[in-house]
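Here are the chains, one letter per residue:
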Amino acid sequence: MASDKVSNVTDADFETEVLNSDLPVLVDFWATWCAPCRAIAPFVDELAGETDGKLKVVKVDVQANMKTAMHFKVSNIPTLLVIKGGAEVARQQGAGGGLAGLRKLVQSHL
């Protein structure tokens, strides 16, 4: 469920793709059965297009990548994290706020 600007990452490549990224990373923890996750997906895609080159955007399927979800204590989905310099710097749970909420979440970390 990723677009050309949003990539899927797994437990195996999370460290390389996210923690070691030179850019800040928005991580969307989601699952295929999660209606709010599907509702926010178009906004995540749009934000990825708006911030191309300034922000990396990835999705983590919590069912297939439980290790990463547990490490970040993701108990509800969607959960969106901003990772910068290998550390979590911002978090949003739920789909509320739409595109404006996502912009606000990432703005100070770009």
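Using the criterion set out here, one finds two aromatic pairs in the structure. Judged by centre distance (5.5 Å) and plane angle (55°), the ring pair of Phe14 and Phe72 falls under tilted. In this pair, Phe14 sits in helix α1 (residues 14-19) while Phe72 sits in the loop between α3 (66-71) and β4 (79-84), placing the two residues 58 residues apart along the sequence. For the residue pair Phe14 and Phe72, the accessibility class agrees, reading buried in each case. A ring pair is formed by Phe29 and Phe72, whose centres lie 6.3 Å apart and whose planes are at 45°; its orientation type is tilted. Of the two residues, Phe29 sits in strand β2 (residues 25-30) while Phe72 sits in the loop between α3 and β4, which places them 43 residues apart along the sequence. Judged on exposure class, the residue Phe29 and its partner Phe72 are both buried. Pairwise contacts between aromatic rings join Phe14, Phe29 and Phe72 into one cluster.

The subject of this paragraph is the pairing of strand β5 (residues 87-93). Here β4 pairs with β5 via six bridges, running antiparallel. Residue Lys84 lies in a different strand from β5, and its bridge partner there is Ala87.

Right, let's get into the state of the cysteines. Summed over the entire model, instances satisfying the criterion amount to one disulfide. For Cys34, the disulfide goes to Cys37, at an S-S distance of 2.4 Å. Residues Cys34 and Cys37 share a disulfide whose torsion about the S-S bond is about 80°; that sign makes it right-handed. When sorted by exposure, Cys34 lands in the same class as Cys37, which is buried.

Spatially, the five strands line up as an open sheet ordered β1-β3-β2-β4-β5, and their pairing is mixed. Lying at the two open borders of the sheet, with one neighbouring strand each, are β1 (6-8) and β5. Pairs of neighbouring strands in the sheet enclose a mean axial angle of 25°, with direction left out of account. Helix α4 (residues 98-107) rests against β2, β4 and β5 of the sheet, and its axis sits at about 160° to β5.

About the criteria used
- Residues numbered from 1 in each chain as written.
- Predicted model: local features only at pLDDT ≥ 70, side-chain atom pairs only at ≥ 80, totals over all residues.
- Heavy atoms only, no water.
- Phe/Tyr/Trp six-rings, centres within 6.5 Å; stacked < 30°, edge-to-face > 60°.
- Helix = DSSP H or I, 4+ residues; strand = E, 2+ residues; numbered from the N terminus.
- Buried < 20%, exposed > 50% of the residue type's maximum accessible area, 1.4 Å probe, protein only.
- Pairing = 2+ DSSP bridges.
- Disulfide = S-S within 2.5 Å.
- Axes fitted to C-alpha atoms, helices over the stretch in contact; angles between N-to-C directions.
- Contact = heavy atoms within 4.5 Å.

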